Amino acid sequence: EWQDGVVSSNRWAHSEGEYYALSYLQGCFVGDSIYVDVIAPPQLDLIADTLLCEGSTLILQAYYTGVWNTGEVDNSILVDQPGIYTILVTQGPCVAQDSVVVNMLSLPFVSIAEYDRYCDGESYELMALADYADYYSWSTGDTTSTIVVSESSNVIVEVGNACGTSIGSAEVLFEDCSALIYIPTSFTPNGDGINDEFWPVVSNVTSFEIRVYDRWGRTVFHSNSADSPWLGNS
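Computed from a predicted model, the values in this text were never measured in an experiment. (Residues numbered from 1 in each chain as written. Predicted model: local features only at pLDDT ≥ 70, side-chain atom pairs only at ≥ 80, totals over all residues. Heavy atoms only, no water.)

**Student:** Teacher, can you tell me more about the overall build of the protein here?
**Tutor:** Regarding its fold elements, the protein presents zero helices and 19 strands. Looking at the protein as a whole, 26% of its 234 residues are labelled buried. Contacts in the protein between residues at least 24 apart in sequence constitute 36% of all its contacts with a sequence separation of at least 6. Summing over all exposed atoms, the protein offers an accessible surface of approximately 15,900 Å²; the carbon and sulfur share of this is 51%. Taken as two groups, the 5 positive and 32 negative side-chain charges of the protein have centres that lie 33 Å from each other. (Helix = DSSP H or I, 4+ residues; strand = E, 2+ residues; numbered from the N terminus. Buried < 20%, exposed > 50% of the residue type's maximum accessible area, 1.4 Å probe, protein only. Contact = heavy atoms within 4.5 Å. Areas by Shrake-Rupley, 256 points an atom, 1.4 Å probe, with all protein chains shown as cover. Lys, Arg positive; Asp, Glu negative; His and termini not counted. Charge placed at Lys NZ, Arg CZ, Asp CG, Glu CD.)

Listed below in structure tokens is the structure:
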């Protein structure tokens with residue numbers, strides 16, 4: 001018979017206090033008691049799943065000493081790699097466990113894809129070649145990954161994420177790209193140092209070829225380079 005009148009060989013203890021029972025055996029009463037402590041289980045509250053910046057470290061704090069899945073026994077650990085980190089805390093008969101997912105976030109980087117030349121009267125789309133960027137901020141005020149330029153300027157773009165920023169720049173110089181060719185009508189290859197060479201003047205051309213024929217249609221000079229003049233000796 002237990003202290004509350006319940007007759008049973010065993011019973012559940014649901015609260016803190018002293019429990020005792022009397023037993024009658026062969027004309028004798030035998031009693032015993034036990035005091036039950038209620039131990040509050042440890043309340044683990046690791047940070048929510050988080051980001052770790054590339055090249056940095058992070059302290060995971062549990063406030064209870066326990067065994068981490070890294071093998072360390074402490075109330076906190078220092079991590080520098082992504083992964084799932086778990087701590088197991090034991091206090092008396094009570095066991096608690098908590099985990100946190102740490103993801104790695106790389107530092108941003110940006111450069112600007114440029115053109116070989118920028119011709120007057122044309123418009124060009126500049127693209128920010130960025131990695132791990134959450135936002136774009138151009139010196140023109142634009143916030144997209146590309147902008148359109150139509151005049152000379154020094155263009156700067158900044159990109160960034162939660163771990164930092166990166167800046168790229170480009171010097172955009174517009175120029176006159178119109179093709180030009182001038183062919184002299186005569187020259188005097190007599191060795192006096194004046195007008196001794198027949199030399200066409202060209203600008204902004206992608207390919208060049210010149211042929212000079214005599215009166216009978218025979219080729220007396222041929223060149224694919226604007227830097228090779230005819231000396232009149234062929």
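The structure having been displayed, the exposition proceeds.
**Student:** Would you explain the state of the cysteines in this entry?
**Tutor:** Here, disulfide denotes a covalent bond that connects the sulfur atoms of two cysteines. With the rule as written, the count across this model stands at two disulfides. Each disulfide pairs two cysteine sulfurs, and for cysteine 53 the partner residue is cysteine 163, the sulfurs being separated by 2.0 Å. Between cysteine 53 and cysteine 163, the disulfide has an S-S torsion of -90° and is therefore left-handed. On the criterion of sequence distance, the pair formed by cysteine 53 in strand β3 (residues 50-53) and cysteine 163 in the loop between β13 (153-161) and β14 (164-172) is long-range, its members being 110 residues apart. According to the relative accessible area criterion, cysteine 53 is partly exposed, its value standing at 22%. A sulfur-sulfur distance of 1.9 Å marks the disulfide that ties cysteine 119 to cysteine 177. Classification of the bridge connecting cysteine 119 and cysteine 177 rests on its S-S torsion, roughly -95°, and on that basis the disulfide is left-handed. Of this pair, cysteine 119 sits in strand β9 (residues 118-119) while cysteine 177 sits in the loop between β15 (174-175) and β16 (180-182); the two residues are 58 residues apart in sequence, bridging distant segments of the chain. (Disulfide = S-S within 2.5 Å.)

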